[in-house]
Amino acid sequence: RGLSLEREETYYASLRVRNALGMTTEASTDGVTILTPVDAVSAGASVRPRVSVAFVPALARGDKSWCDCLVEDAAYDADAGTCSCGPGTFLDAHSGRCVSCPDATPCKAGYGNAASLCAAEAGGVGTGCPADADAPVPPLEEETQPPECGPTPTHPDAVRGVLWGDPAECVCPVGTYRLNGECMRCSGTQIKSAPGDSVEECHECWAAHGADAVLGVAWVVPDAATAAPSTTHVSVGLGAGASRWRQALDAEADEAQFSAAVDNLPFQHGTRFHVAVRVVEDATGGTTAEARGVGSVVDLTPPVVGTVLDGDRVVDVDVVAEDETAAASWFGFVGDVEPYVTYEVAFGIAGEADVGSLSGGFVAVGNDTAAAIDGLSLSEGDVVVATVRATSALSGAAVEASSDGARVQTVIDDGEVQVRGDIVAGALDATPFPHRHAPTQRRVDRIFATWLFGESSAIGGLTYRVQLLDADTDDVLRDFGSVGGATSLLVADDAIAAVLEPGASFKVRVTATNVVGVTATAVSAPTLVDPTAPTVGGADVSATPGSDDAVDGPAGQVYQTSRTTAEISWEFVEDDSSIDEYRVSIGGVVGGAVVLQSAVVDAPASGVTFDDLTLQQGECYVVHVSAVNAVGGTTPDVVAPPLCVDITDAAADVAFASGDSAVAGEAVDADRLLSDLPELGTAVAAATATAAAAGPAPA
């Protein structure tokens, strides 16, 4: 302020930035020129034209089938590829709004932005006055969706085709084009308003075929300049002094409009129009006032689509712990020609048609790049999405961008922790993750645990803290601290062995924390540490009931007459965990390796009977028994005494010396036999019998 600037001079502003290390960088503006508002012949009469360019901006509808105009009373014309003001209105270049036609020219029944389409009466430039000036503006006709056809698409973003044309063919519906045989949505901010397969039919909503743009000029002329009858001449050109497009107006006029549709002004992106306003006295032809102005560069593009971040941080968050507040920030919305943009923001729930259901539509926030609303009543699991509309301050063109949403999570889903025991990491397991729990394990120097906290782990991510607990006291034996986002922990070292003793039970506690600090805890079931196998016990066989002549042999073997059955019993001891099962088998003859029958017997049984055997007379068989505890520890085989089969009857077959004989019916004198045949004494003593019962004695 307070400068003495020269007219027709151009001035620049430069900025130099220096950091703490003394390094600098500089940038300059593109300059501003001080124009002469009063011509020398006007004797102080002031004419300062204001030049504005506008068109009705539009945004692609969500399904990419149509463009929604961002100005009230305007509608999209697919044939023209532009938005236009409706009946009874025209586009005011300075405000960028559809306004009512002037009282002197109120009639305009069609769509278009030029003020010259407004006529004094029916039959003028316009097509007639509306029957009811207060009637709502009818929208332009939109295509209805034809019947669907074709196969169900395989791509998740693809849609089915529709029947279109005469004769009807299966083509892609509005808003889509054919890619790799399937109908995909037009990309980015493009739309396609008619069925068809070509991607070339996808186009932007703004200036797709040349925007229906208007240029407005406004000025103020002092009374002294129009004291005599005068005419105001307004001219527009593409260079200084050029006047290709002209209008002659009454001296009282203070504004004029030129349009692309009526005046054929070339509204091309990057064009700058030069404007001259001159007041000429009708009688003399003298100029009583004159001034020139330069409009801003024509910008027919919207701002560059920026990025919207969920939450009130400088980084995007996927989870929020608040159920009464929603917040967002954004960056990167920059205009192509003019970087100045204004913003509106809306908050809604993901999946709902109304993007502003929480905020009551779009809320203007000016140049702020962050916003928040409170007083909400969100439900657990709601995904809040912020949508930002950025509008170029120069052209009015706009774009929208949405965040990826933040899930309301005031609690974390319940978790599950499993101790995998002695299983090898990565081993296949048919049960769902985190797989089955091991109630026992052998190793005292190792812990292997896995966990899962429901759907929470897939949204926003969780970090975990793992602790080893005494199962009986819940004392912390070892704190492993944070393991990040890992869902398993495998540690094998001497420090584990120092706190785990044989026979002890432990648990694993996992605390999950999400990105906003909400926590949840889950604890595994106890796991018993048992590094040893059961104590070796004993096994025995019993003669099958009914074997009347079953006896124990001199080497401990057991004789029985049954050739089909064997009864086996055992006894084992487990000091730490428990015995799960016994493995029993009866083998071939002593010294052989053939297994006749085997079984796995669940604890706590202490015996088993084998049936349907085929045992041979005079042969002996071996029984093996081993015990397996809860951690898989297995004892060496215990061997029972041999089981032998003898199905013959006991009898005496004796030869008498010295010519003695036994006569049928006489009793055998055992004492005499012992004295005469001492070498058979043992056998005879064991088989005392009567001759009468035995029949005739042998010779």
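Cut-offs and rules
- Residues numbered from 1 in each chain as written.
- Predicted model: local features only at pLDDT ≥ 70, side-chain atom pairs only at ≥ 80, totals over all residues.
- Heavy atoms only, no water.
- Helix = DSSP H or I, 4+ residues; strand = E, 2+ residues; numbered from the N terminus.
- Buried < 20%, exposed > 50% of the residue type's maximum accessible area, 1.4 Å probe, protein only.
- Contact = heavy atoms within 4.5 Å.
- Areas by Shrake-Rupley, 256 points an atom, 1.4 Å probe, with all protein chains shown as cover.
- Pairing = 2+ DSSP bridges.
- Disulfide = S-S within 2.5 Å.
- Patch = residues over 30% accessible without salt bridge, like charges linked within 9 Å, V, L, I, M, F, W, Y side chains within 5 Å.
- Salt bridge = Lys/Arg side-chain N within 4 Å of Asp/Glu carboxyl O.
- Lys, Arg positive; Asp, Glu negative; His and termini not counted.
- Charge placed at Lys NZ, Arg CZ, Asp CG, Glu CD.

S.K.: Explain the overall build of the protein chain to me, please; I cannot follow it from the model alone.
M.R.: For the protein chain, the count of helices and strands is five helices and 51 strands. Here the protein chain, with 699 residues, has 38% of them falling under the buried criterion. Here the contacts in the protein chain between residues at least 6 apart in sequence split such that 59% fall between residues at least 24 apart. On the protein chain, roughly 36,100 Å² of surface is accessible, and the fraction owed to carbon and sulfur atoms is 51%.

S.K.: Can you walk me through the pairing of strand 15 (residues 176–179) in this structure?
M.R.: Every other side chain in a regular strand lies on the same face of the sheet, so the side chains alternate between the two faces. In terms of strand pairing, strand 15 meets strand 16 (residues 182–185) through four bridges, oriented antiparallel. Looking across to strand 16, one finds that threonine 176 is bridged to arginine 185. Counting the residues between successive antiparallel strands, the hairpin from strand 15 to strand 16 contains two residues, one of them, asparagine 180, with a positive phi of roughly 55 degrees.

S.K.: Which parts of the structure should I look at to understand the state of the cysteines?
M.R.: By definition, a disulfide links the sulfur atoms of two cysteine residues through a covalent bond. Under the definition given, this model contains seven disulfides. In this model cysteine 172 forms its disulfide with cysteine 183; the gap between the sulfur atoms is 2.2 Å. Its S-S torsion of approximately -90 degrees makes the covalent link between cysteine 172 and cysteine 183 left-handed. Of this pair, cysteine 172 sits in the loop between strand 14 (169–171) and strand 15 while cysteine 183 sits in strand 16, and the two are 11 residues apart along the sequence.

S.K.: Before we go on, may I ask you to explain a negative patch on the surface in this structure?
M.R.: Negative charge collects at one region of the surface, where Asp312, Glu322, Asp323, Glu324, Asp374 and Glu380 lie side by side. The exposure class of glutamate 380 is partly exposed, given its relative accessible area of 38%.

S.K.: How do you make sense of unusual backbone geometry when you look at a structure like this?
M.R.: Glycine aside, residues mostly have negative phi angles, and peptide bonds mostly take the trans form. The peptide bond linking aspartate 166 to proline 167 adopts the cis configuration, its omega dihedral lying at 5 degrees. As for its position among the elements, proline 167 is in the loop between strand 13 (161–164) and strand 14. Its identity as a non-glycine residue notwithstanding, asparagine 180 has a phi of 55 degrees, on the positive side. Of note, asparagine 180 is situated in the loop between strand 15 and strand 16. One non-glycine residue, aspartate 474, lies in the positive phi region at around 65 degrees.

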